[in-house]
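The residues making up each chain are set out below.
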Amino acid sequence: LVHLLSIEGLPRDIVTHILDTAASFVSVSDREVKKVPLLRGKSVFNLFFENSTRTRTTFEIAATRLSADVINLDIARSSASKGESLLDTIANLSAMAADLFVVRHSESGAPYLIAQHVAPHVHVINAGDGRHAHPTQGLLDMYTIRHYKKDFSNLTVAIVGDVLHSRVARSDIHALTTLGCAEVRVVGPKTLVPGDMAQMGVRVCHSLEEGIRDCDVVIMLRLQNERMSGALLPSSQEFFKSFGLTPEKLQLAKPDAIVMHPGPINRGVEIDSAVVDGKQSVILPQVTFGIAVRMAVMSIVAGNDA
Ligand code: CP
């Protein structure tokens, strides 16, 4: 694996290898073991053209734990604001001996463009591009599900909310399908579920009650207002009434169902505070597992270079 741009098309054995490698790093991400030398001497450039709390920070922690040098380019203060193009920015950072670019961008496909233009020894990891893909989030979600539920073959997983604008939903669907998940449901209003979902092998539900009934895993998504035009934008109260996950509605899922959310959460819009902080929530463990999963991805793409 030279780059990680999407989960779509990744063979099952590679996805499993990433999850197994992440499991081997959990003691390092937990700080029981401080550091491993797998990326010693390598330079990891974090390029976040769109805001982030979890992904950027956990990539930085993960690269540090792999002994890499980490450079966080402050995009708002970079010369991108003076009109420097994306590819010129990359060419100049490559001239500083970058080994790995971690890229988040509001334009779908930006990490692909970069991957086509870097030298063969330079790696690119997609940290979220537009509404297209967020592969490391998909992988950390799979790690979390495997941690709590062990086996995908008997699981029903519901992905609820603004599926239309969600790169996480697409990456999760590809990953769940690849790992042999028994049933994947996407749940949301007609305006926020894309038309191609049935072709992706998932069941589409336009009622929360139907969508989460007897589920093992409920993945909640926020309304991604930054990608919506006015006509699509539902009111927060209306959305919460129909699709907000409350403790009462969660009772429709299996009693041992886990609740996930990629974050950031909007309490009282897609999810009730009592669910966020409740005993079925694994939202914060997801964040912690993200460190080990990102260590795994970076070590697999860049750890075997001469
Ligand atoms: N889940 C996720 O991508 O969160 P951030 O936007 O904070 O990185």
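Parameters at a glance
Residues numbered from 1 in each chain as written. Predicted model: local features only at pLDDT ≥ 70, side-chain atom pairs only at ≥ 80, totals over all residues. Helix = DSSP H or I, 4+ residues; strand = E, 2+ residues; numbered from the N terminus. Buried ≥ 20, exposed ≤ 12 C-beta atoms within 10 Å, placed from the backbone. Contact = placed C-beta atoms within 7 Å. Core = buried A, V, L, I, M, F, W, Y, C linked by C-beta atoms within 7 Å. Near = placed C-beta within 6 Å. Nonpolar A, V, L, I, M, F, W, Y, C, P; charged D, E, K, R; others polar. Domains from an automatic or database assignment. Pairing = 2+ DSSP bridges. Axes fitted to C-alpha atoms, helices over the stretch in contact; angles between N-to-C directions. UniProt positions renumbered as here; feature names shortened; annotations may be inferred.

Peer 1: I'm lost on the overall build of the chain in this one. Help?
Peer 2: Along the backbone of the chain there are 11 helices and nine strands. On the principal axes, the C-alpha backbone points of the chain span a range of 55 × 45 × 35 Å. By residue count, 45% of the 306 residues in the chain fall in the buried class. Across the chain, contacts joining residues at least 24 apart in sequence account for 79% of those joining residues at least 6 apart.

Peer 1: Help me understand the nonpolar core in this model?
Peer 2: One finds Val160, Val218 and Met298 to be the most contacted residues of the largest nonpolar core, which totals 88 residues. The element that contributes the greatest number of residues to this core is helix α11 (residues 283-302), accounting for nine residues. When residues no more than four places from it in sequence are discounted, the contact partners of Met298 are Leu39, Val44, Ala62, Ala63, Leu66, Leu100 and Ile125.

Peer 1: I keep staring at the site of the ligand and nothing clicks. Help me out?
Peer 2: Residues in contact with the ligand, as listed here, are Ser52, Thr53, Arg54, Thr55, Gly128, Gln137, Pro262, Gly263 and Pro264. Considered class by class, the residues forming the shell around the ligand number two nonpolar, six polar and one charged. Residues lining the shell around the ligand come from more than one domain, with at least three contributed by each of domain 1 (12-133 + 287-302) and domain 2 (135-282).

Peer 1: Quick question: what am I supposed to make of the sheet that holds strand β5 (residues 156-160) here?
Peer 2: Whether parallel or antiparallel, the strands of a sheet pair through hydrogen bonds between backbone atoms. Read from one edge to the other, the open sheet built from five strands follows the order β7-β6-β5-β8-β9, with strand pairing classed as parallel. What marks the edges here is a single partner per strand, and that holds for β7 (203-205) and β9 (258-260). The average angle at which neighbouring strand axes cross in this sheet is 20°, direction not considered. For strand β6 (residues 183-187) and β7, the ladder comprises three bridges, and the chain directions are parallel. Residue Arg185 lies in a different strand from β7, and its bridge partner there is Arg203.

Peer 1: Could you clarify how one ought to interpret unusual backbone geometry in this entry?
Peer 2: Note: most peptide bonds trans; most residues except glycine with negative phi. The omega angle of the peptide bond from Gly263 to Pro264 is -5°, so this bond is cis rather than trans. Relative to the assigned elements, Pro264 resides in the loop between β9 and α10 (273-276). A positive phi angle, near 65°, is found at Ala97, a position not held by glycine. When you line up the elements, Ala97 lands in the loop between α3 (86-94) and β3 (100-105). Of note, the phi angle at Asp214 is positive, near 65°, even though the residue is not glycine. For Asp214, the location among the structural elements is in the loop between α7 (208-212) and β8 (217-220).

Peer 1: How should I be thinking about the UniProt feature "binding site: carbamoyl phosphate" (unreviewed entry) in the chain in this particular structure?
Peer 2: Listed under "binding site: carbamoyl phosphate" (unreviewed entry) in the UniProt record, and renumbered for this structure, are Arg54, Thr55, Arg104, His134, Gln137, Gly263 and Pro264. Tracing the backbone through its elements, the reader meets Arg54 in helix α2 (residues 54-65). Residue Arg54 is classed as partly exposed on the basis of its 15 C-beta neighbours within 10 Å. What Arg54 contacts, discounting residues up to four positions off in sequence, is Gly263, Val287 and Gly290. Turning to its location among the elements, Thr55 is positioned in helix α2.

Peer 1: What is the right way to read the sheet that holds strand β4 (residues 123-129) from this model?
Peer 2: Pairing within the open sheet is parallel, and its four strands lie in the order β2-β1-β3-β4. Of all strands in the sheet, those bounded by a partner on one side alone are β2 (69-73) and β4. If you compare each strand with its neighbour and ignore which way they point, the axes differ by 15° on average.

Peer 1: Explain the UniProt feature "binding site: L-aspartate" (unreviewed entry) in the chain to me, please; I cannot follow it from the model alone.
Peer 2: As recorded in UniProt, the feature "binding site: L-aspartate" (unreviewed entry) lies at Lys82, Arg167 and Arg222. With a sequence span of 141 residues, these residues are also far apart in the fold, their greatest C-alpha distance being 32.7 Å. Residue placement: Lys82 occurs in the loop between β2 and α3. Relative to the helices and strands, Arg167 is located in helix α6 (residues 167-178).

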